[in-house]
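# Inside the fold
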Amino acid sequence: MKKLRKIPGVILNAVFTLVLIFGVALILLRVMGYKLYAVKTQSMQNIYPAGTLIITDSTAAEDVKVGDVISFTVAKNTVVTHRVTKNDTENELIYTKGDMNNSEDSSPVAYDNVLGCVVFGIPYIGNAALYLRKKYVKIALIVLLALLAIYLIASLVIRIVTKIKRRRKSEGENKEDFQR
């Protein structure tokens, strides 16, 4: 019966550990200079479906080759990820196309707008990243993390107090045995 009571704690610890490891990995990627984006559309569905978290490495635009998948800005807060069809180094323009689109993108990408080449993608994680950007979700997550921290601290304090009480009780019993 005691083993059954431990299962939720073991599961919680495993999930917490996995989330922590994944979070640290993402932070390390950012520190190493990689950029993270979430795919929102189906234009690259065959390799990066909507909801994929893509990791992009900074690449000089002149080094981009035909067939590379790049991320680039089209507006202040809009990033697009498409495949390169042509790199016009003379005019400093890159032509792109989404794999699932029927035609090339309507406007070429200026070299200044190239963010880099996509290194890899992690399916479904981008959905979580998009969801976590919402204000109410951030607040709920902070409250949840605070409650989890309080729970972990309280359970640690309870364990410590219980050990101290057991030790004092056993020391008291040992004194009684010694006095007899």
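Scroll up to find the structure this text is about.
An account of the accompanying structure is given in this report. A quick note: this is a predicted structure, and the numbers were derived from the prediction, not measured. (Residues numbered from 1 in each chain as written. Predicted model: local features only at pLDDT ≥ 70, side-chain atom pairs only at ≥ 80, totals over all residues. Heavy atoms only, no water.)

### Examining the overall build of the chain
Assigned secondary structure in the chain consists of three helices and seven strands. Ordered by position from N to C terminus, the α and β elements of the chain give α-β-β-β-β-β-β-β-α-α. In terms of its C-alpha atoms, the chain occupies a principal-axis envelope of roughly 100 × 30 × 25 Å. Counting the 180 residues in the chain, one finds 23% classified as buried. (Helix = DSSP H or I, 4+ residues; strand = E, 2+ residues; numbered from the N terminus. Buried < 20%, exposed > 50% of the residue type's maximum accessible area, 1.4 Å probe, protein only.)

### Side note on a negative patch on the surface
There is a patch of like negative charges on the surface, built from Glu-62, Asp-63, Glu-92 and Asp-112. Its place among the elements puts Glu-92 in the loop between β4 (78-88) and β5 (93-97). Glu-92 gets classed as partly exposed once you look at its relative accessible area, which sits at 46%. (Patch = residues over 30% accessible without salt bridge, like charges linked within 9 Å, V, L, I, M, F, W, Y side chains within 5 Å. Areas by Shrake-Rupley, 256 points an atom, 1.4 Å probe, with all protein chains shown as cover. Salt bridge = Lys/Arg side-chain N within 4 Å of Asp/Glu carboxyl O. Lys, Arg positive; Asp, Glu negative; His and termini not counted. Charge placed at Lys NZ, Arg CZ, Asp CG, Glu CD.)

### Structural notes on the nonpolar core
Residues Ala-61, Val-64, Ile-70, Phe-72, Val-80, Val-84, Ile-94, Val-109, Tyr-111, Val-114 and Cys-117 constitute the largest nonpolar core, which totals eleven residues. If you list the elements that add at least two residues to this core, you get β3 (69-75), β4 and β7 (114-122). Each residue touching Ala-61, except ones within four places of it in the same chain, is listed here: Asn-87, Ile-94, Tyr-111 and Val-114. In this structure, Met-44, Tyr-48, Ile-54 and Val-118 belong to the second largest nonpolar core, which totals eight residues. (Core = buried A, V, L, I, M, F, W, Y, C linked by side-chain atoms within 4.5 Å. Contact = heavy atoms within 4.5 Å.)

### Focus: the sheet that holds β7
Two modes of strand pairing occur in sheets, parallel and antiparallel, and in both the strands are linked by backbone hydrogen bonds. Strand order in this open sheet of seven strands is β1-β2-β7-β3-β4-β5-β6, and the pairing throughout is antiparallel. Edge positions in the sheet fall to β1 (35-38) and β6 (109-110), since each has one partner strand and no second. (Pairing = 2+ DSSP bridges.)

### Some words on the side chain of Thr-81
Assignment of secondary structure puts Thr-81 in strand β4. On the accessibility criterion, Thr-81 (12% relative accessible area) is buried. Among the polar contacts listed, one links the side chain of Thr-81 to the side chain of Ser-71, at a separation of 2.8 Å. Excluding anything up to four places from it in sequence, Thr-81 contacts Ser-43, Met-44, Ile-54, Val-69, Ile-70, Ser-71 and Val-118. (Polar contact = N/O pair within 3.5 Å; in protein donor to acceptor, adjacent residues only side chain to side chain.)

### Side note on the environment of Tyr-111
As for its position among the elements, Tyr-111 is in the loop between β6 and β7. Take Tyr-111: its relative accessible area is 11%, and that puts it in the buried class. Separated by 28 residues in sequence, Tyr-111 and Arg-83 place their C-alpha atoms 15 Å apart. If near-sequence neighbours (up to four positions away) are discounted, Tyr-111 is found in contact with Ala-61, Glu-62, Asn-87, Asp-88, Thr-89, Glu-92, Leu-93 and Ile-94. There is a polar contact of 2.6 Å between the side chain of Tyr-111 and the side chain of Asn-87.

Any link to function would need more than the numbers given here.
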